[in-house]
Amino acid sequence: MKTKYSPKTVSVSDPTLYLQRGNGIPSATNMAALLLVAVSLTACGGKGAEVEHRQAEQRHQVASQRQAEMRDAAKVEMARVAAPMQMSSNGAVMGMSIAPMPRDYAAIPLAQNKFEQQVQNGIMVAGEIPVSTFSIDVDTGSYATLRRMLREGLLPEKGTVRVEEMLNYFTYDYPLPAKNSAPFSVTTELAPSPYNDDMMLLRIGLKGYDLPKSQLGASNLVFLLDVSGSMASVDKLPLLQTALKLLTAQLSAQDKVSIVVYAGAAGVVLDGASGNDTHTLTYALEQLSAGGSTNGGQGITQAYQLAKKHFIPNGINRVILATDGDFNVGVTDFDDLIALIEKEKDHGIGLTTLGFGLGNYNDQLMEQLADKGNGNYAYIDTLNEARKVLVDELSSSLFTIAKDVKVQVEFNPALVSEYRLIGYENRALAREDFNNDKVDAGEIGAGHTVTALYELRYVEAGNRMNDKLRYGVDAQTGQEKYSREEIAFLKLRYKLPDQTQSQLLSYPIRLDQGVKHLDQASDDFRFAAAVAGFGQLLNGSHYLHQFDYTQLSLLARSALGNDPYGYRHEFLQLIQTASAMVQSGRIPIKKAFNGSGKPFPPEDKLHSESVSDRSNTSHERLQ
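Residues numbered from 1 in each chain as written. Predicted model: local features only at pLDDT ≥ 70, side-chain atom pairs only at ≥ 80, totals over all residues. Heavy atoms only, no water.

**Observations concerning the packing of helix 4 (residues 141-151) against helix 15 (residues 567-585)**
- Look at helix 4 against helix 15: their axes get within 10 Å of each other, and the N-to-C directions meet at 50°. Considering their axes alone, helix 4 and helix 15 lie oblique with respect to each other. Pair helix 4 / helix 15 crosses with left-handed handedness. Along its contact with helix 4, which presents Y143, R147, L150 and R151, the element helix 15 presents Y567, E570, F571, L574, T577, A578 and M581.
- Taken together, the residues of the contact of helix 4 with helix 15 break down into seven nonpolar, one polar and three charged. (Axes fitted to C-alpha atoms, helices over the stretch in contact; angles between N-to-C directions. Helix = DSSP H or I, 4+ residues; strand = E, 2+ residues; numbered from the N terminus. Parallel < 35°, antiparallel > 145°, perpendicular 65-115°, else oblique. Left-handed = near helix turned anticlockwise from the far one by under 90°. Contact = heavy atoms within 4.5 Å. Nonpolar A, V, L, I, M, F, W, Y, C, P; charged D, E, K, R; others polar.)

Below, the structure is given as structure tokens:
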């Protein structure tokens, strides 16, 4: 029962032309290839000492020309950031171009990806620890990176999937908040758990009020773009450029856009261009190319300087960091980086992070930077995902309606013996943090939905994981201290964007809210349970005793409901893919073939025969 409260291709056949176009220094491999081509061409001209002498002179000329070109290119490279930049008609600064790196630069081993291990929440005894407190989370990056991995035939490392980011990738049919009430509605639903017999599943859902794009107000956006060599592959910088074109197409004359790039050195590409200057914005994005090492710290400093320069009072002021997460030059001290982001957040400038690519991807850094910057973290693996995040969900991505949102649930030990929070491991808060307005928590954007799940066991269910406490009555009266009607008490704290003091919401969760059978729960409830179950299976959770991929597939298939964009059907396909991969991984590999002694793969019989044998065989067949 639910209760409502595209880059251009450049030929390198002419290295002089390649450098004149500002495309930088080819790799050692390309240099060697150019020399080999020159030598091969001259080798076709004749024989003898005279020819060899001409070849030697030509090789010397090519080498001398190549050295001169390298010196000129190095000067261009060093002067690129420092050179005076061309001014556009509206005063925007333009003209920075970063040299592309060879395509194979981005082929970095997948082992270099950084995904943080989550220590899953344990089973809590309600009689000992009746209160659970955590910060809400609206990030979705973990789901999108999982999708990318599965499509490439990879399973995530166990313990690295953030279940809450899977849950919050999807929208649910929570009611909009009532007018003149809190900025978000609160919904709870209770039904039997699909993961374990004799347990219940509690769903808590929040839904922020929606805001049309036309009512967002003025935006001051600073794109902080990684154009280092690791961004050269097609799934990184080219996808980033197209994604940001989708975003800028939503802007108007009241908006301001700045672009800062970083690669070896940071530089300003646009300085406060008008949001409706489509030509300037598109041209600036199309001129970007990848090359060099990464200086993320210096780029962040410049981005915040521009955000302060064009600050819009009572408007949206946000830095949007787009990168593969490879911060390897400049300010590499994580604490210093976080201190900078938190300082600017207090001044009204938020930070949103967009991740691209795999290979050297730093998922952990991207998630934590957005968390500290009062923003959200999304991973862009396809153009469709870019549209989802930067067009369909633009209001929720940019406009914050409530900040420092905290959830606290107190379970009634008279009715609930045990419980566990599914996900939100790195969002856990101490009990006393709930009432401390100085403790940071998550933000909700316009139209955002937030979902959390608790698995719990009633006292009368038996089969408890922990021994029953000896003492459970009031020492003075000899009576039980707890209500027999409420299983839990839900409290939420939040601040309005322009306030520093939090407000409190509270709701009892009653025993009679629950339904007896899972199929009586709403489609949204069952789908959320399937999403959380998938994350737990991938993480190798040992708390799922009656749940596997077969049950997961059936549960998800039964709860597809209204799916206008196909995201739930896509989720079902990911389940099928992961299930097949897990099953194939269980097939034992034999290192020898029993008693055969034959080579593997088997030799081609015709190739193992002598030429004469094959001739005779062919002759006999013809006869």
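Once you've had a look at it, read on.
**As for the nonpolar core**
- By size, the foremost hydrophobic cluster in this structure holds 77 residues, and its most contacted members are F184, L225, I259 and F411.
- Setting aside chain neighbours within four positions, we find I259 in contact with F223, L225, G267, V268, V269, L270, A284 and L285.
- Counting residues in hydrophobic clusters, the runner-up holds 45 residues, among them L146, V163, L167 and L453. (Core = buried A, V, L, I, M, F, W, Y, C linked by side-chain atoms within 4.5 Å. Buried < 20%, exposed > 50% of the residue type's maximum accessible area, 1.4 Å probe, protein only.)

**Points about unusual backbone geometry**
- Backbone geometry places D198, a non-glycine residue, at a positive phi of 65°.
- Looking at where D198 falls in the secondary structure, it is placed in the loop between strand 6 (184-192) and strand 7 (200-208).
- By relative accessible area, which is 46% here, D198 ends up partly exposed.
- Although it is not a glycine, N314 adopts a positive phi angle of roughly 60°.
- Within the secondary structure, N314 sits in the loop between helix 8 (296-309) and strand 11 (316-323).

**Thoughts on the packing of aromatic side chains**
- This model, assessed by the stated rule, comprises 21 aromatic pairs.
- For the pair Y195 and F547, a centre-to-centre distance of 5.1 Å together with 80° between the ring planes defines the contact as edge-to-face. On the criterion of sequence distance, the pair formed by Y195 in the loop between strand 6 and strand 7 and F547 in the loop between helix 13 (523-538) and helix 14 (549-557) is long-range, its members being 352 residues apart.
- When the centroid spacing of 5.3 Å and the interplanar angle of 70° are considered together, the rings of F411 and Y454 count as edge-to-face. Residue F411 is found in strand 14 (residues 400-411), and its partner Y454 is found in strand 17 (residues 449-458); the two are separated by 43 residues along the sequence.
- Exposure remark for Y454: the relative accessible area of 0% places this residue in the buried category.
- Aromatic ring contacts, followed pair by pair, group Y143, Y169, F170, F527, F534, Y549, Y565, Y567 and F571 into a single cluster.
- Just above the ring of Y169 sits the side chain of K388; from NZ or CZ to the centre is 4.0 Å.
- Sitting over the face of the ring of Y567, K388 holds its NZ or CZ atom 5.6 Å from the ring centroid. (Phe/Tyr/Trp six-rings, centres within 6.5 Å; stacked < 30°, edge-to-face > 60°. Lys NZ or Arg CZ within 6 Å of the ring centre and 35° of its normal.)

**Observations regarding the pattern of salt bridges**
- Applying the stated criterion across every chain, the model contains 27 salt bridges.
- Here K309 and D271 are joined by a salt bridge, their closest N and O atoms 2.7 Å apart. Of this pair, K309 sits in helix 8 while D271 sits in strand 10 (residues 265-274); the two residues are 38 residues apart in sequence, bridging distant segments of the chain.
- The class of K309 is exposed, set by a relative accessible area of 55%.
- Given a relative accessible area of 13%, D271 falls into the buried group.
- Each member of the salt-bridge network shares a partner with another, and the members are D137, D139, E367, D371 and R427. (Salt bridge = Lys/Arg side-chain N within 4 Å of Asp/Glu carboxyl O.)

**Comments concerning the confidence of the model for the protein chain**
- A residue-level look at the protein chain finds 71% of positions with pLDDT of 70 or above and a mean pLDDT of 80.
- Counting interchain partners and residues more than four positions distant, the pLDDT-below-50 stretch residues 70-109 has 79 contacts.
- A low-confidence stretch, residues 607-623 (pLDDT under 50), is modelled with three contacts involving residues beyond four sequence positions or located in other chains. (pLDDT = per-residue confidence, 0-100.)

**Quick notes on the packing of helix 6 (residues 237-248) against helix 7 (residues 278-286)**
- Two elements in contact, helix 6 and helix 7, have axes separated by 10 Å at closest approach and are oriented at 170°. In this view, helix 6 runs roughly antiparallel relative to helix 7, as classed from their interaxial angle. For the element pair helix 6 and helix 7, the recorded crossing hand is right-handed. Residue-level contacts link Q241, L244, K245 and T248 of helix 6 to L281, T282, L285 and E286 of helix 7.
- Across the contact of helix 6 with helix 7, the residue classes break down as three nonpolar, three polar and two charged.

**Here's the deal with the pairing of strand 5 (residues 131-135)**
- Burial within strand 5 is extensive, with five of its five residues counted as buried.
- Neither face of strand 5 is left uncovered, since the one carrying V131, T133 and S135 and the one carrying S132 and F134 both have all their residues buried.
- Both strand 5 and strand 14 contribute to a ladder of five bridges, which runs antiparallel. Within the sheet, the bridge partner assigned to F134 lies in strand 14 and is V407. (Pairing = 2+ DSSP bridges.)

**Remarks on the side chain of E385**
- In this fold, E385 is placed in helix 11 (residues 383-392).
- For E385, a relative accessible area of 1% corresponds to the buried category.
- Apart from the residues within four sequence positions on either side, E385 is in contact with A144, R147, Y169, Y379 and I380.

**Digging into helix 6**
- Taking 1.5 Å as the rise per residue, helix 6 with 12 residues should run 16 Å; its terminal C-alpha atoms sit 16 Å apart, in good agreement.
- Burial of helix 6 is extensive: nine of the 12 residues sit out of reach of the surface.
- Every buried residue of helix 6 is accounted for by L237, P238, L239, L240, Q241, A243, L244, L247 and T248.
- Along its buried surface, helix 6 packs onto strand 8 (219-226), helix 7, strand 11, helix 11 and helix 12 (394-398). (Expected span 1.5 Å × (residues − 1).)

**Some remarks on the environment of L351**
- Along the chain, the position of L351 falls in strand 12 (residues 350-355).
- As for L351 and L321, which are separated by 30 residues in sequence, their C-alpha atoms are 7.2 Å apart.
- The contact partners of L351, leaving out residues within four places of it in the chain, are Y304, R318, V319, L321, I341, L369, A370, G373, N374, G375 and N376.

**Focus: the side chain of Q536**
- Of note, Q536 is situated in helix 13.
- What makes Q536 buried here is its relative accessible area of 4%.
- Look past the residues within four positions of Q536 in its chain and what remains in contact with it is V163, Y195, R420, I422, S541 and L544.

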